[in-house]
Amino acid sequence: MNLKKIKGINYKTGSQKAINFISKIWSLIFVIVLIAFFSSRGVNFFSIKGLQNVLIAATLISLVAIGETFVVISGGIDISVSYVLGLIATCGGIIMREFYSAGLNQSFVLVIGIISILILSLIPGFINGIIITKLKVPPFIATLGVMGIAQGGAYLLNNGMPVIGLPPLAGQIGNSYILYYVSGKGIKFFNQHASFETKSAIGIFPVTVLIVLIVILISGYILSKTKFGQHTYAIGGNINASRFLGVPVDNHLIKIYMISSFMCGIAAISYIIRFSMASPNAGEPLLINSIGAIFIGGASMSGGYGSISGTIIGAIIIALLQTGLVSMAVSPFWQYLTVGCIIIIAVFFDQLKYKLFNN
Amino acid sequence: MNNGISDKSILEIKNVNKRFGGVLAVDKVSFSVGEGEIVGICGDNGAGKSTLIKMIAGVYSPDSGGIYLKGTKIDGKSPKEIREIGIETIFQDLALAENFNAESNIFLGREPIKNRFLKNLDFKYMREKTIETLKKISFEFPDITTRVYYLSGGQRQGVAIARAIHWGKKIIIMDEPTAALGVKESLKVLGLIKETIKCVKAIILITHNMENLIKVADRTIILRNGKLVSKINFKDYEGRLNDLHNDIVKAITGIS
């Protein structure tokens, strides 16, 4: 008997291989099916405007979902994102409104507003992280509680009303493009605001989409290439082993929940510049949509799996559904129903995959 | 008088005590581990085996007594410091992240960084060192990029052992390395342990399984109710396997 060697086993049978392959690419197939379905119903995704509508619909979902992706990979969940976004947006909106009504310069008001949003947005995540790591409250309950607090806070701040009276420059930036096609002159870089867009100048690349693109690149790099990303996966894979092997688990988790709420802050900024207002329930549909995007994108409920690219594909699927249903004049309430069903199906297939491998 | 501490010993445990509330988990245990030795720690459930190795690994510090590595006192150090001085422990449940492949597991918590500013991981270095370490113990792998989730129990132990060898230049402590394995896989892991001793100074093996212990170890200590009740050198029993079994069982159970 040869004691020396552990021979490789053939761990991938034909059906396991097939399931593994399908689980990797099903979301892409789903994108194609959705486009085909909506196209057959007369929805045009292939015009510049059609594509822009999908991408713009995906921006808020993507931003919130990217932060949540870190949390889900680490084996947690952040339920608080929806109203944390609403609370931060309301705070930021009030700051901008007050400074603007005091007669300060628009650009200055915007900078102050954005900086305070970014700083404030770190606080809810820090609180979530402390409750989860130090008080040992399970993430679902901890973030549910923080969501309640944020919801109450957001409504109390402005008596439940949307914050209006923001500097007009916000909306101008948020609805402008960094690339325009000007007939006769070709592609032009951003130096005009929204009113620039006319029949002869077509906006190509929306500013809000650029924000998401930058966030995707940075977060994708962090998650797949750095020690921070590696530790995030490790904690999701085996939290006790990670702790024993010297990963600073508690600090890492606090940072992850801070990333999640920081991304809510960036989403709040893009909400404000897109709608020229802030609303306490700005993030309400984003909880189900962002969590849906993550699980469609291949993350696992038990942690350790998931990726930014998967999440973005998930966000695009949800955005396709939204814009497609709206274009078909179907009640927007159907969106929730459809996304809910897709989440269940996605998680079911994820579980099925592991069952198949275990047998 | 030889009180269990030999001259060539690399690790010495002297009169170590550990109490949890009213329970004396480890009661004045002394033994030593020599260079090149595989030493077993045997005992029933609750005999104090886990507490003892957790003290060596730095998870607990002893209430009294001392642990010495080549004469230097090491008890009271943190698990991290213990690993840094070259003692690696493979715990049953604290071993691997199933979502990682071999190389990510070997470097888990100690990842090499390529560029300080970009903080990117040096995946190439990780891959090269992993292959190098797996070769050292003649560990054959179906595919080095496979996540541990898809590996068999024996292969998982192989990855855990490879990590211990890569980092633990002096002593490796293994907690029930064959506990969850079938007979075939167990034999393979025993083979790996025999290869491992060529790479490090000493191995401490904790196991319930006498058969396996006798196959690889040089000698064993036996704990009962926190006390060291017997030290058995397998060489003394050459050709008398039955007597060896009987003596170990007697020591473990306390029934003569």
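Since this is a predicted model, take the numbers as computed values, not measurements.

Draft legend 1. Highlighting the overall build of chain A. When helices and strands are counted, chain A shows 14 helices and three strands. Over its C-alpha atoms chain A spans a radius of gyration of 22 Å, differing by no more than 12% from the 21 Å that the globule rule assigns to 359 residues. Summarising its shape, the C-alpha atoms of chain A cover approximately 85 × 50 × 35 Å along the three principal directions. Pairs at least 24 residues apart make up 75% of the contacts formed inside chain A by residues separated by at least 6 positions. Element-wise, carbon and sulfur atoms account for 70% of the exposed surface of chain A, whose accessible area totals about 16,200 Å². Between the mean site of the 21 positive side-chain charges and the mean site of the 7 negative ones, chain A shows a separation of 17 Å.

Draft legend 2. Local environment of the confidence of the model for chain B. Residue and element names in this part refer to chain B. In this model, chain B carries an average pLDDT of 89, and 97% of its residues clear a pLDDT of 70 or more. A low-confidence stretch, residues 1-6 stays under pLDDT 50, and its non-local contacts, those more than four residues away or across chains, total eight contacts. Quick note on the complex model: pTM equals 0.89, ipTM equals 0.86.

Draft legend 3. Highlighting helix H4 (residues 106-120) of chain A. All names here are of chain A. Its 15 residues place the ends of H4 21 Å apart at the C-alpha level, agreeing with the 21 Å of an ideal helix rising 1.5 Å per residue. All buried positions along H4 are accounted for by Val-109, Leu-110, Gly-113, Ser-116 and Ile-117. The buried residues of H4 occupy an angular sector of 140° when projected down its axis, which confines them to one face. Against helix H3 (81-101), helix H7 (168-174) and helix H11 (249-275) lie the buried residues of H4. A side-chain oxygen of the first residue of H4 lies 2.9 Å from the backbone nitrogen of Ser-107; this N-cap is Asn-105.

Draft legend 4. Expanded view of the interface of chain B and chain A. Listed by partner, the interface residues are 45 residues for chain B and 33 residues for chain A. Both faces considered, chain B and chain A share a buried interface measuring about 3,500 Å² in area, 61% of it formed by carbon and sulfur atoms. Summed over the shared surface of chain B and chain A, the result is zero salt bridges. Here the side of chain B that touches chain A is built from residues that sort into 21 nonpolar, eleven polar and 13 charged.

Draft legend 5. Molecular detail of the nonpolar core. In terms of nonpolar packing, the biggest core is built from 117 residues, with Leu-85 of chain A together with Leu-11, Ile-41, Leu-52 and Ile-171 of chain B touching the most fellow members. Contacts of Ile-41 of chain B, omitting those with residues within four sequence positions, involve Phe-31, Lys-49, Leu-52, Ile-53, Ile-204, Leu-205, Ile-206, Thr-207, Thr-220, Ile-221 and Leu-223 of chain B.

Draft legend 6. Broad picture of the packing of aromatic side chains. Using the criterion set out here, one finds twelve aromatic pairs over all chains in the structure. Look at Trp-26 of chain A and Phe-30 of chain A: their rings are 5.9 Å apart centre to centre, the planes differ by 45°, and that puts the pair in the tilted class. Residue Trp-26 of chain A and its partner Phe-30 of chain A are both found in helix H1 (residues 14-40); the two are separated by four residues, about one turn of the helix. Take Trp-26 of chain A: its relative accessible area is 22%, and that puts it in the partly exposed class. Judged by centre distance (5.7 Å) and plane angle (80°), the ring pair of Phe-107 of chain B and Trp-167 of chain B falls under edge-to-face. With Phe-107 of chain B in the loop between helix H3 (102-106) and strand E7 (113-115) and Trp-167 of chain B in helix H5 (residues 153-167), this pair connects stretches of sequence that are 60 residues apart. With relative accessibility at 1%, the residue Phe-107 of chain B sits in the buried group. Taken together, the ring pairs connect Phe-37, Phe-38 and Phe-45 of chain A into an aromatic cluster. Above the plane of the ring of Tyr-68 of chain B lies Lys-14 of chain B, whose end atom (NZ or CZ) is 4.6 Å from the centre. Sitting over the face of the ring of Phe-244 of chain A, Arg-83 of chain B holds its NZ or CZ atom 5.2 Å from the ring centroid.

The rules behind the values
- All residue numbers refer to position in the chain's written sequence, counted from 1.
- In the order they appear in the text, chains get letters beginning with A and ligands get numbers beginning with 1.
- The model is predicted, so local features are restricted to residues of pLDDT at least 70 and side-chain atom pairs to those at 80 or more, both for listing and for counting; the totals for chains, interfaces and linings are taken over all residues.
- Each side-chain value is derived from all of the structure's non-hydrogen atoms; neither hydrogens nor water enter the calculation.
- Runs of H or I in DSSP of at least four residues are treated as helices and runs of E of at least two as strands, each being numbered from the N terminus.
- Only the C-alpha atoms count toward the radius of gyration. The rule for a globule is 2.2 Å times the residue count to the power 0.38.
- We call two residues in contact when some of their heavy atoms are within 4.5 Å.
- Accessible surface is estimated by sampling points in the Shrake-Rupley manner with a 1.4 Å probe; for residues, cover comes only from the protein chains shown.
- When charges are counted, neither His nor the chain ends are considered; positive counts come from Lys and Arg and negative counts from Asp and Glu.
- Taken as the charge centre is NZ of Lys, CZ of Arg, CG of Asp or CD of Glu, depending on the residue.
- On a scale of 0 to 100, pLDDT captures the predictor's confidence in every residue.
- One less than the residue count of a helix, multiplied by 1.5 Å, gives the span that helix is expected to have.
- The buried label goes to any residue with under 20% of its type's maximum accessible area, the exposed label to any with over 50%, and the partly exposed label to all in between, with areas taken from a 1.4 Å probe on protein chains only.
- Arc definition: it is the arc formed by the directions from the helix axis to the C-beta atoms.
- Pairing of N or O atoms within 3.5 Å defines a polar contact, subject to two protein rules: one partner must be a possible hydrogen donor and the other a possible acceptor, and residues neighboring in sequence count only if both atoms are side-chain atoms.
- Buried area: the accessible surface (1.4 Å probe) lost by two parts on joining, summed over both.
- Whenever Lys or Arg places a side-chain nitrogen within 4 Å of a carboxyl oxygen from Asp or Glu, that contact is recorded as a salt bridge.
- Polar here means any residue other than Ala, Val, Leu, Ile, Met, Phe, Trp, Tyr, Cys and Pro, which are nonpolar, and Asp, Glu, Lys and Arg, which are charged; Gly is therefore polar.
- As used in this record, nonpolar core signifies buried Ala, Val, Leu, Ile, Met, Phe, Trp, Tyr and Cys residues forming a set joined through side-chain atoms within 4.5 Å.
- Here is the rule: rings of Phe, Tyr and Trp (six-membered ring for Trp) pair when centre to centre is within 6.5 Å. Planes less than 30 degrees apart are stacked, more than 60 are edge-to-face, and the remainder are tilted.
- We count a charge as sitting over a ring when the NZ of a lysine or the CZ of an arginine lies within 6 Å of the ring centre and within 35 degrees of the ring normal.

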